[in-house]
Amino acid sequence: TAKELRFAVEGMTCAACSSRVERALNKVPGVETASVNLATEAASVRYDPATVAPEQLIRAVQDAGYGVGTAT
Ligand code: 9UX
């Protein structure tokens with residue numbers, strides 16, 4: 001069963017930034033869908049908790065060069 005994680009993404013200043021974060025999240029094995037909203041700085045990720053842990057999702061954002069804020 002998929003779970004949903006929502007958190008704030010810090011440091012995005014243009015639409016290419018949000019696309020980049022979205023792509024990084026969608027590339028992680030176990031992620032079903034990820035969407036990132038530039039204006040609200042919100043990331044929403046549907047993932048399979050048997051395959052991937054929330055920490056790995058956060059690390060993917062950080063490795064892409066952006067910050068992770070509080071869960072929402
Ligand atoms: Mo445009 Mo977003 O250079 O880093 S992709 S600000």
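Residues numbered from 1 in each chain as written. Predicted model: local features only at pLDDT ≥ 70, side-chain atom pairs only at ≥ 80, totals over all residues.

Going by what an unreviewed UniProt entry lists, the chain is known as ATPase and is assigned to Deinococcus piscis.

## A closer look at the environment of Val31
Counted only if it meets this: Put simply, DSSP H or I for four residues or longer makes a helix, DSSP E for two residues or longer makes a strand, and each gets a number counted from the N terminus. Here contacts are defined at the residue level, using C-beta atoms placed from the backbone and a cut-off of 7 Å between them.
Relative to the helices and strands, Val31 resides in strand β2 (residues 31-37). With 18 residues separating them in the primary sequence, Val31 and Pro49 have C-alpha atoms 9.1 Å apart. Among all residues touching Val31, those that are not within four sequence positions of it are Leu25, Asn26, Val45, Tyr47 and Val52.

## Some remarks on the environment of Met12
Formally: Neighbour counting defines burial: a residue surrounded by 20 or more other C-beta atoms within 10 Å of its own C-beta is buried, one with 12 or fewer is exposed, and intermediate counts give partly exposed, using backbone-placed C-beta atoms.
Looking at where Met12 falls in the secondary structure, it is placed in the loop between β1 (3-10) and α1 (15-27). Here Met12 falls in the buried class, since 21 other C-beta atoms lie within 10 Å of it. Along the backbone, Met12 and Ala39 are 27 residues apart, and their C-alpha atoms lie at a distance of 9.1 Å. In this view, Met12 contacts Cys17, Ser18, Val21, Leu38, Glu41 and Tyr66; residues no more than four positions away in its chain are not counted.

## Remarks on the packing of α1 against helix α2 (residues 54-63)
What counts is decided by this rule: Every axis in this analysis is a line fitted to C-alpha atoms, fitted for helices over the stretch in contact. Angles between the N-to-C directions lie between 0 and 180 degrees. Here the word oblique covers every angle except those under 35 degrees (roughly parallel), over 145 (roughly antiparallel) and from 65 to 115 (roughly perpendicular). A crossing counts as left-handed when the near helix is turned anticlockwise from the far one by less than a right angle, and as right-handed when that turn is clockwise.
One can describe the packing of α1 onto α2 by two numbers: an axis separation of 9 Å at closest approach and a directional angle of 140°. As judged from the angle between their axes, α1 and α2 are oblique. The handedness of the crossing between α1 and α2 comes out as right-handed. Across from Val21, Ala24 and Leu25 in α1, the residues of α2 making contact are Leu57, Ala60 and Val61.

## With respect to unusual backbone geometry
Positive phi is not limited to glycine here, since Glu41 has a value of about 55°. Its location among the elements puts Glu41 in the loop between β2 and β3 (42-47). The partly exposed category is assigned to Glu41, around which 19 C-beta atoms lie within 10 Å.

## Section: the site of the ligand
Convention followed: We count a residue as near a molecule or strand when its backbone-placed C-beta atom lies within 6 Å of that partner. Gly counts as polar in this scheme, as do all residues outside two lists: the nonpolar Ala, Val, Leu, Ile, Met, Phe, Trp, Tyr, Cys and Pro, and the charged Asp, Glu, Lys and Arg.
As a matter of local geometry, the ligand sits amid Thr13, Cys14, Ala16 and Cys17. Grouping the amino acids of the shell around the ligand by side-chain chemistry returns three nonpolar, one polar and no charged.

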